[in-house]
Amino acid sequence: MAQAYEKYLQEVLIDEARLQSRIAQLGAQINADYAGCGDLLLLCVLKGGVMFLSDLSRHITVPHMIDFMAASSYGAGARQSAGSVRIDMDMRLDVKNKHVLVVEDIIDSGYTLAFVLKTLSNREPASLKLCALLNKRSRREVDIEVDYIGFDIENRFVFGYGLDLDERFRNLRFVGVAKTDDIADA
């Protein structure tokens, strides 16, 4: 029996084994970089970053806190950045004097992350770094320094492993490339 997502899937870009292997490597690198740092806060940008945050957090042995923020520059079904960003849900913890690691699913144009990083920087963290599962360098319109990158990918419309296709299929254990002709039917 076919899975509901199969009609939209052109190909699996990053399978579960590659995802988990790379996330373990990122966790090890973060452990080394933050050893003895004190207050580490993982700040997940919702909704897409949740799967990544959950798996990454399991590989981080440095004591850490978790909080969430929702920011958006995309509308439902949109494939292009709107260019304007808003905070849909702010975090609850105070970041002042904490080491903050922003955990994001994908960096595309950079507008959303630039806004989030500027907002957080104004709150005076001890340090502020960025960890992204997927990085689309070719789409970047705003210069952003990414400290930890899972995978650099080409400009393709992807879904799965936290990334949605009109709010669906975030639960997939892989990152897939969407058939762009069928997206309107999703």
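Let us look at the structure shown here.

What counts as what
Residues numbered from 1 in each chain as written. Predicted model: local features only at pLDDT ≥ 70, side-chain atom pairs only at ≥ 80, totals over all residues. Heavy atoms only, no water. Phe/Tyr/Trp six-rings, centres within 6.5 Å; stacked < 30°, edge-to-face > 60°. Helix = DSSP H or I, 4+ residues; strand = E, 2+ residues; numbered from the N terminus. Buried < 20%, exposed > 50% of the residue type's maximum accessible area, 1.4 Å probe, protein only. Contact = heavy atoms within 4.5 Å. Pairing = 2+ DSSP bridges.

1. Topic: the packing of aromatic side chains
If you walk through the whole model with that rule in mind, you get 3 aromatic pairs. Measuring from ring centre to ring centre gives 5.5 Å for Tyr 5 and Phe 174, while their planes differ by 65°; the resulting arrangement is edge-to-face. In this pair, Tyr 5 sits in the segment before β1 (9-14) while Phe 174 sits in the loop between β8 (158-159) and β9 (175-178), placing the two residues 169 residues apart along the sequence. Of the two residues, Tyr 5 and Phe 174, both sit in the buried class. On the numbers, 5.7 Å between centres and 45° between planes, the contact of Tyr 8 with Phe 169 is tilted. Here the residue Tyr 8 occupies a position in the segment before β1, and Phe 169 occupies one in the loop between β8 and β9, the gap between them amounting to 161 residues. Neither Tyr 8 nor Phe 169 differs from the other in exposure class; each is buried. Cluster of aromatic residues (ring-pair linked, three or more members): Tyr 8, Phe 159 and Phe 169.

2. Regarding helix α2 (residues 50-59)
Listing the buried residues of α2 in full gives Phe 52, Leu 53, Asp 55, Leu 56 and Ser 57. Against the buried residues of α2 lie α1 (16-34), β2 (40-46), β3 (64-72), β5 (99-107) and β6 (127-135).

3. Thoughts on the sheet that holds β9
Spatially, 3 strands are ordered β1-β9-β8 in an open sheet, and the strand pairing comes out antiparallel. Strand pairing shows two members of the sheet lacking a second neighbour, β1 and β8, which therefore form its edges. Bridge count for β1 against β9 is 4 bridges, and the pairing is antiparallel. The residue bridging Leu 9 from the neighbouring strand is Ala 178, located in β9.

Any link to function would need more than the numbers given here.
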